[in-house]
Amino acid sequence: MQRTLEYTLVFLLGATAYIGLEILFRGFTHWTMFFAGGLSFAVLYRIFTGNRSLPLWKSCLIGALVITGIEFLFGCIFNLALGWNVWDYSHYPFHLMGQVCLFYTLLWFVLSAPILWLSRGLKRRLHRRYL
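Residues numbered from 1 in each chain as written. Predicted model: local features only at pLDDT ≥ 70, side-chain atom pairs only at ≥ 80, totals over all residues. Heavy atoms only, no water.

## A word on the environment of tyrosine 104
Checked against the element boundaries, tyrosine 104 lands in helix α4 (residues 102-129). Residues tyrosine 104 and leucine 73, spaced 31 residues apart in sequence, show a C-alpha to C-alpha distance of 15 Å. Tyrosine 104 has contacts with Phe25, Tyr89 and Tyr92, leaving out every residue within four places of it along the chain. (Helix = DSSP H or I, 4+ residues; strand = E, 2+ residues; numbered from the N terminus. Contact = heavy atoms within 4.5 Å.)

Put into structure tokens, the structure is as follows:
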């Protein structure tokens, strides 16, 4: 039960932060990004709080690859398979099927450092107070 509560809170925090960032950056979002953000943060929370020995650059690389992978999966499902056209990065250089691109992967690399620190701080705080 405690782990369920922990990961529910982590998912909701990641989902809310992701759509908030997207609204700030793009001016709009789509409901599917709520789930992409929650899943991304939950996966990274698990990785970042479970392995403290990785250098920062490796953690950031893992973060960028995890988020980009989840975005690619969601893009293939919602944009390509279902035809919802939530986003299209085909006008960016170094894109993959228009679903992900190098620019956003590099942005996620940079943002993975605060995600790492937030994950570890949240883990300490949750376990000290509630779990």
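## Comments concerning helix α1 (residues 2-26)
The periodicity of an α-helix, 3.6 residues per turn, causes residues three or four places apart in sequence to face the same way. In this model α1 runs 36 Å from its N-terminal to its C-terminal C-alpha over 25 residues, within 8% of the 36 Å that 1.5 Å per residue would give. Taken together, the buried positions of α1 are occupied by Glu6, Tyr7, Val10, Gly14, Ala15, Tyr18 and Glu22. Residues of α1 that are buried sit in contact with α2 (31-50), α3 (56-81) and α4. Glycine 27 sits one or two residues past α1 and shows a positive phi near 95°. (Expected span 1.5 Å × (residues − 1). Buried < 20%, exposed > 50% of the residue type's maximum accessible area, 1.4 Å probe, protein only.)

## Observations regarding the side chain of threonine 105
By the element assignment, threonine 105 lies in helix α4. There is a polar contact of 3.0 Å between the side chain of threonine 105 and the side chain of threonine 68. (Polar contact = N/O pair within 3.5 Å; in protein donor to acceptor, adjacent residues only side chain to side chain.)

## Thoughts on the packing of aromatic side chains
For the structure on display, the rule yields 18 aromatic pairs. On the basis of an interplanar angle of 50° and a centroid distance of 6.3 Å, the ring pair of phenylalanine 11 and phenylalanine 35 is categorised as tilted. Of the two residues, phenylalanine 11 sits in helix α1 while phenylalanine 35 sits in helix α2, which places them 24 residues apart along the sequence. For phenylalanine 35, a relative accessible area of 39% translates into the label partly exposed. (Phe/Tyr/Trp six-rings, centres within 6.5 Å; stacked < 30°, edge-to-face > 60°.)

## As for α4
With 28 residues, α4 ought to run about 40 Å at 1.5 Å a step, and its terminal C-alpha atoms sit 40 Å apart, in line with that. Within α4, the axis deviates most sharply at leucine 111, by approximately 35°, and proline proline 114 lies no more than four positions further along. Along α4, the residues that are buried comprise Tyr104, Thr105, Trp108, Ser112, Ala113, Ile115, Leu116, Ser119, Arg120, Leu122, Lys123 and Leu126. (Bend = angle between axes of the 7 residues up to and from the residue.)

## Some remarks on unusual backbone geometry
Here asparagine 85, not a glycine, exhibits a phi torsion of approximately 55°, which is positive. You can see asparagine 85 is positioned in the loop between α3 and β1 (95-96). You can call asparagine 85 exposed: its relative accessible area is 61%. Of note, the phi angle at phenylalanine 94 is positive, near 55°, even though the residue is not glycine. Among the structural elements, phenylalanine 94 can be located in the loop between α3 and β1.

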